[in-house]
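# Descriptive analysis of the structure
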Amino acid sequence: MNERKFPVKISTVCMKKPRLEVYYPKVSGCESGVAEKRINDQILHLVNQMIRDQGYYDNPQTDITAYYELKTNERGLLSLTLSNYAFSGGAHGITLLKALTFDVETGYNYELKQLFSPYSNYIKVLSDMIKVQIKEREIPLIVDFNQIRPDQDYYLADKCLVVYFQQYELAPYAYGFPQFPISLYDLQDILAEDPLQRMLY
């Protein structure tokens with residue numbers, strides 16, 4: 001389906017200000033300079049958005065430390081997470097975890113719904129699989145889980161779609177970020193032709 005799909009190059013950029021230390025990725029080596037700029041612009045936009053969302057500019061007591069993790073960098077897909085820890089006093093800080101999944105040829109960032117066929121009931125399929133994992137793993141819930149949001153947080157790793165929830169969104173703080181890996185092979189009947197079908201072969 002897709003011939004040459006080498007990994008793109010990733011370098012680390014450090015943003016340092018008083019009370020702020022952020023490490024984030026910069027992409028290079030894309031075949032398209034336009035796509036490369038689009039990817040880097042979206043990463044930097046999200047980095048800055050997360051800093052604002054965690055009150056860095058509003059609260060002079062807020063300290064932020066941030067880093068990133070690469071999850072997938074193959075077959076023309078780049079999936080990564082950005083993790084920001086903010087401490088403003090109290091018993092503990094709060095971490096925000098966001099993810100981006102790009103087509104490195106176009107710079108397009110995929111929303112969860114765009115990974116699936118237009119008429120597939122992907123919300124129910126994923127939610128049912130997550131319910132099974134919640135039960136099997138005996139995850140303590142602070143709210144009843146019925147179904148995921150259409151734009152639920154996710155990333156791609158090891159031929160899996162990993163759906164995850166923010167701190168306090170589903171489980172107690174001590175549980176961190178509840179993450180639910182789902183094999184792409186278990187979803188192949190409802191996957192859109194692109195981008196995830198390319199990961200199966």
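Check the entry above for the structure.
Chains are numbered independently. Their residues run from 1 in the order of the written sequence. In view of the model being predicted, local features appear only for residues whose pLDDT reaches at least 70, and side-chain atom pairs are presented and counted only at 80 or more, with totals across whole chains, interfaces and linings using the full set of residues. With hydrogens and water stripped out, all remaining heavy atoms of the structure feed into the side-chain values.

### Remarks on unusual backbone geometry
Residue P195 is reached from D194 by a cis peptide bond, and omega for that bond is 15°. The phi dihedral of E138 falls on the positive side, at around 55°, and the residue is not glycine.

### Side note on the nonpolar core
Residues belong to a common nonpolar core when they are buried Ala, Val, Leu, Ile, Met, Phe, Trp, Tyr or Cys residues joined through side-chain atoms within 4.5 Å. Summary of the burial criterion: residues with accessible area below 20% of their type's maximum are buried, those above 50% are exposed, and those between are partly exposed, where the area comes from a 1.4 Å probe applied to protein chains only. Ranked by internal contacts, the top residues of the largest apolar core, which has 29 residues, are L112, F116, L126, I130, I148 and L161. If you list the elements that add at least two residues to this core, you get α2 (122-136), β7 (154-157), β8 (160-164) and β9 (179-183). Contacts are assigned to residue pairs with any non-hydrogen atoms lying within 4.5 Å of each other. Among residues more than four places away in sequence, those in contact with I130 are F145, I148, V163, F165, F180 and I182. Only runs of H or I of at least four residues qualify as helices and only runs of E of at least two qualify as strands under DSSP, and these elements are numbered from the N terminus.

### Details of the pairing of β8
The buried fraction of β8 is high, at five of five residues. Every second residue of β8 is oriented toward a common face, with C160, V162 and Y164 on one face and L161 and V163 on the other, all of them buried. Between any two strands, at least two bridges found by DSSP are needed for them to pair. Pairing analysis gives four bridges linking β7 to β8, with the strands arranged antiparallel. Bridge pairing links Y155 to V162 in β8. Turn length for the β7-β8 hairpin, with the two strands adjacent in sequence and antiparallel, is two residues, and the turn residue D158 shows positive phi of about 55°. Here β8 runs beside β9; their pairing, made up of five bridges, is antiparallel. Residue pairing across strands places L161 opposite I182, the latter belonging to β9.

### Concerning the packing of aromatic side chains
Only centres within 6.5 Å qualify two rings of Phe, Tyr or Trp (six-membered ring in Trp) as a pair; their planes then separate them into stacked at under 30 degrees, edge-to-face at over 60, and tilted for everything else. Within the structure shown, the criterion is met by seven aromatic pairs. Each ring, one from F116 and one from Y122, has its centre 5.1 Å from the other, and the planes form 10°; the classification is stacked. An identical accessibility class is assigned to F116 and Y122; each is buried. Both rings, one in F145 and one in F165, keep their centres 5.8 Å apart while their planes meet at 90°; by these two values the pair is edge-to-face. Taken as a pair, F145 in the loop between α2 and β7 and F165 in the loop between β8 and β9 lie far apart in primary sequence, 20 residues in all. What makes F145 buried here is its relative accessible area of 12%. Taken together, F145, F165 and F180 form an aromatic cluster joined through their ring pairs. The ring centre of Y155 lies 4.8 Å from the NZ or CZ of K71, which sits over that ring. Distance and angle both matter: a charge sits over a ring if NZ of Lys or CZ of Arg is within 6 Å of the ring centre and within 35 degrees of the ring normal.

### Considering the pattern of salt bridges
Within this document, salt bridges are pairs made up of a side-chain nitrogen of Lys or Arg and a carboxyl oxygen of Asp or Glu, the two lying within 4 Å of each other. For the coordinates displayed, the defined rule picks out nine salt bridges. Of the charged contacts in the structure, one is a salt bridge between D128 and K124, with a shortest N-O distance of 2.7 Å. In this pair, D128 and K124 both sit in helix α2, four residues apart, roughly one turn of the helix. With a relative accessible area of 46%, K124 lands in the partly exposed category. Among the salt bridges present, the one from R149 reaches D151, with a minimum N-O distance of 3.1 Å. Assessed through its relative accessible area of 30%, R149 is described here as partly exposed.

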